[in-house]
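# Structure at a glance
Residue strings, one per chain:
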Amino acid sequence: MTKNRRGTAAFWAVLVLCVALSGCAGKSGAEENGSTVPDLELVPIDTGSQTETDGPGKEESGASEQPSGRGETSPAPADSGSSEQGDEPAKPGESEEGEIPASAPEVSFEILKEVRTDEAGEEMVFAEYPVFSVAGTGYESLSAAFASISEEYRADNAALLDELEGSIKDYREFVDPAAVFGQGTVVSITRCDTEVISFLVIRTVTMGGPHPNNYWDYYNLNAATGEHLQLSDFITMDDAMVETVIERLHENYPEVEFDDGVLRKEIPEAFAANGIGWCFSQGQICLAFPEGSFGFGHAVGSLEVTID
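What you see as residue numbers is a count from 1 along each chain, following the sequence as written. Only residues with pLDDT of 70 or above have their local features reported here, since the model is predicted, and side-chain atom pairs are shown and tallied only from 80 upward, although totals for entire chains, interfaces and linings are computed over all residues. With hydrogens and water stripped out, all remaining heavy atoms of the structure feed into the side-chain values.

## Examining the pattern of salt bridges
Criterion for a salt bridge: a side-chain nitrogen of Lys or Arg within 4 Å of a carboxyl oxygen of Asp or Glu. Taken as a whole, this structure holds 10 salt bridges when the rule is applied. For E123, the salt bridge identified is with K113, shortest N-O distance 3.6 Å. Here E123, found in strand 8 (residues 123–135), pairs with K113, found in strand 7 (residues 106–117); they are 10 residues apart in sequence, far enough to count as distant. Per-residue accessibility, obtained with a 1.4 Å probe over protein chains only, is compared with the maximum for each type, and a residue is labelled buried under 20%, exposed over 50%, and partly exposed between these values. In this structure E123 comes out as partly exposed when scored by relative accessible area, which is 22%. Residue classification places K113 among the buried positions, given a relative accessible area of 6%. Between R191 and D193 there is a salt bridge, with its nearest N and O atoms 2.6 Å apart. When its relative accessible area of 18% is taken as the criterion, R191 is described as buried. Given a relative accessible area of 14%, D193 falls into the buried group. Counted as one network, the salt bridges with shared partners bring together R116, D162 and E165. Under the scheme used here, helices are H or I runs from DSSP no shorter than 4 residues and strands are E runs no shorter than 2 residues, and both carry numbers assigned from the N terminus.

Right, dumping it as structure tokens:
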């Protein structure tokens, strides 16, 4: 899994294309500075059967948790890949025993929202996080992987709420007494078949600044084993591929003054360090270099290309 910060216009364009072409979809809502923003909806395109699974809701002392959005995917072929020590790694679409699932998994998610209130009972901070579920024969390992991902987000959500609650008190006292800090979350599943589950979790955190901070987490899972796949499982970053990426960067960002020498040095380094965010989109792979790559800062943001 790769985590990047701050989305750019090009990134959101790629995301919209991924969702429009994909047979998987979802929706969620987000709030900023206490005002409700219209739900961001990723409309299902696939006309096949779909599943919809409600995530758990719960209440805690001083906090409430409620569903804020729901997503679903339609089944597609699924994948697998893992290996036992000393054995040849399983190929995408195969389990450790070399078996290929007969049908794709059905991956569903729901966005839960946890709220903490002030002394007057008004919303003070909130945070959203995804809860995933998997249906389908032979996908126990994938289900366990999604359960682990869901639990990680739940724990991170609680820590974020503590941070937001600590920060907003001074902000309300000295800046805006009605301010609300929070995190909105959107999930986009870009591939769902018997080989690979590829999806993004996009988080938008508002803490009173001039603009929110955007974060996106990339996941690419072996459908049969639930193992995290590496970009190196699918492409080789040789000289030819580096030149292809450089060409696409120049095409996508003509206004950016790239230093090709820096690109030739840092692209393979980022690849070797698993520092490139990536996801599948209709047989292609979207690559996202995080903010700060190639010596550029916040104004340029992340840089994205799509390769065959």
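## So, unusual backbone geometry
We note that N274 has phi near 55°; this positive angle belongs to a residue other than glycine. Summarising the element assignment, N274 is placed in the loop between helix 4 (260–272) and strand 12 (277–281). Classification of N274 by relative accessible area gives partly exposed; the value is 42%.

## A look at the nonpolar core
Core analysis: the largest hydrophobic core is formed by 28 residues, its most contacted members being V245, L249, I267 and L287. Every element with two or more residues in this core is listed here: helix 3 (239–252), helix 4, strand 12, strand 13 (284–289) and strand 14 (303–307). In terms of residue count, helix 3 provides more of this core than any other element does, 5 residues in total. Among the nonpolar cores identified, the runner-up in size contains 22 residues, and F109, Y129, F132 and Y139 belong to it. We define the nonpolar core as a collection of buried residues of types Ala, Val, Leu, Ile, Met, Phe, Trp, Tyr and Cys that are connected through side-chain atoms lying within 4.5 Å of one another.

## Looking at the packing of aromatic side chains
Describing an aromatic ring pair means giving the distance of the ring centres and the angle of the ring planes. Two rings belonging to Phe, Tyr or Trp (six-membered ring only in the last case) form a pair when the distance between their centres is within 6.5 Å. Interplanar angles under 30 degrees mark stacking, angles over 60 mark edge-to-face geometry, and anything in between is tilted. Inspection of every chain in the model, using the stated rule, returns 12 aromatic pairs. Summarising the aromatic geometry, the rings of F132 and F199 are spaced 5.1 Å apart at their centres and angled 50° between planes, so their arrangement reads as tilted. Pair noted here: F132 is in strand 8 and F199 is in strand 10 (residues 196–206), with a separation of 67 residues, a long-range link. For the pair formed by F132 and F199, the shared burial category is buried. Ring geometry for F289 against F294: centres 5.1 Å apart, planes inclined by 55°, an arrangement best described as tilted. You'll find F289 and F294 in the same group, each marked buried. Taken together, the ring pairs in this structure connect F109, F132, F146, Y153, F199 and Y219 into an aromatic cluster. Look at NZ for Lys and CZ for Arg. If either is within 6 Å of the ring centre and within 35 degrees of the ring normal, a charge sits over the ring. Cation over ring: K113 sits above F126, and NZ or CZ is 4.8 Å from the ring centre. The lysine or arginine in question, R191, covers the ring of F280, its NZ or CZ lying 4.6 Å from the ring centre.

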